[in-house]
Amino acid sequence: FDLSMHADRIAPSATSHVFVGVSAVQLAVDAMRTAQAGKDCDAAKRAQTMFTQAQVDMPMGGSVDATTAAAVMGAVTQYGPVADQMVKAYCKVKK
């Protein structure tokens, strides 16, 4: 993901946006698994951030591969709200 972001900063293109978007979703799903396994607030927030990054980058890369873009955006639509729920559940302020 970091390498994809760096490449996108140096030479932004539709292709670099696809790499960022796909990488972000893969990291988000992995972070969701971690969050769920340990009720981990930081992992839940990381998943939420990665889904947001994918929402930003995938539409800009859709011209490269519309099928991949649609699949990635479908995952964001399906799992993004779950990450939001995890943040609410696992990141409660302790009084």
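Sequence order sets the numbering: in each chain, residues are counted from 1 along the sequence as written. This being a predicted model, a pLDDT of at least 70 is required before a residue's local features are given, and a value of 80 or more before pairs of side-chain atoms are given or counted; all residues contribute to the totals for chains, interfaces and linings. Only hydrogens and water are set aside when side-chain values are computed; all heavy atoms of the structure are taken into account.

> For the overall build of the protein chain, give the residues involved together with the corresponding values.
Secondary structure summary: the protein chain contains 4 helices and 0 strands in total. Helix and strand definitions follow DSSP, with helices as H or I runs of at least four residues and strands as E runs of at least two, each counted in order from the N terminus. Scanning the protein chain from its N terminus toward the C terminus, one meets helices and strands in the order α-α-α-α. For each residue, the accessible area found with a 1.4 Å probe, counting protein chains only, is set against the maximum for its type, and the residue is called buried under 20%, exposed over 50%, and partly exposed in between. Taking all 95 residues of the protein chain together, the buried fraction comes to 37%. Sequence separation of at least 24 residues holds for 64% of the intrachain contacts in the protein chain that already meet a minimum separation of 6. Accessible area of the protein chain: about 5800 Å², with a carbon and sulfur share of 57%. The contact criterion used throughout is that any non-hydrogen atoms of two residues lie within 4.5 Å. Each accessible area is a Shrake-Rupley estimate made with a 1.4 Å probe; only the visible protein chains count as cover when residues are assessed.

> Explain unusual backbone geometry to me, and be specific about the residues and the numbers.
At Lys39, a residue that is not glycine, the phi angle is positive and equals roughly 50°. By the secondary structure assignment, Lys39 is in the loop between helix H2 (14–38) and helix H3 (41–61). The exposure class assigned to Lys39 is exposed, which follows from its relative accessible area of 61%.

> Hey, could you go over the state of the cysteines for me, with residue numbers and the actual values?
A pair of cysteine sulfur atoms is labelled a disulfide when the two atoms are within 2.5 Å. According to the stated counting rule, one finds 1 disulfide in the structure shown. Here Cys41 pairs with Cys91 through a disulfide, and the sulfurs are 2.0 Å apart. Judged by the sign of its S-S torsion, about 110°, the bond between Cys41 and Cys91 is right-handed. Taken together, the residues span a long stretch of sequence, with Cys41 in helix H3 and Cys91 in the segment after helix H4 (66–90) at a distance of 50 residues. With respect to burial, Cys41 and Cys91 carry one shared label: buried.

> Break down the nonpolar core for me, citing the residues and quoting the values.
Here, nonpolar core means buried Ala, Val, Leu, Ile, Met, Phe, Trp, Tyr and Cys residues that are tied together by side-chain atoms lying within 4.5 Å of each other. One finds Val25, Met32 and Phe51 to be the most contacted residues of the largest nonpolar core, which totals 23 residues. Secondary-structure elements contributing two or more residues to this core are H2, H3 and H4. Sorting elements by how many residues they give to this core places H3 first, with 8 residues.

> Requested: an account of the side chain of His17, with residues and values cited.
Of note, His17 is situated in helix H2. Owing to a relative accessible area of 10%, His17 belongs among the buried residues under this scheme. The definition of a polar contact used here is a pair of N or O atoms within 3.5 Å, where within protein one atom must be able to donate a hydrogen and the other to accept one, and adjacent residues in sequence count solely through side-chain atom pairs. Polar contacts involving the side chain of His17 include one to the side chain of Asp57, which spans 2.5 Å.

> Pulling in residues and values, what's your account of the packing of H2 against H3?
Across the interface, H2 lies against H3 with an axial gap of 7 Å and an inter-helix angle of 160°. Considering their axes alone, H2 and H3 lie roughly antiparallel with respect to each other. The element H2 and its partner H3 pack so that their crossing is left-handed. Ten residues, namely Ala, Val, Leu, Ile, Met, Phe, Trp, Tyr, Cys and Pro, are considered nonpolar, four, namely Asp, Glu, Lys and Arg, are considered charged, and the remaining ones, Gly among them, are considered polar. Here the residues of the contact of H2 with H3 are counted per class, giving 20 nonpolar, 5 polar and 2 charged. To obtain each axis, a line is fitted to C-alpha atoms, and for helices this fit is confined to the stretch in contact; angles are then taken between N-to-C directions over 0 to 180 degrees. Roughly parallel here means an angle under 35 degrees, roughly antiparallel means over 145, roughly perpendicular means 65 to 115, and every remaining angle is called oblique. Crossings are assigned a handedness: left-handed for a near helix turned anticlockwise from the far helix by less than a right angle, right-handed for a clockwise turn.

> Tell me about the environment of Ala71, and name the residues and values.
Within the element layout of this structure, Ala71 appears in helix H4. Sequence spacing of Ala71 and Val22 is 49 residues, and the spatial spacing of their C-alpha atoms is 9.6 Å.

Function cannot be read off these values alone, since they describe shape.
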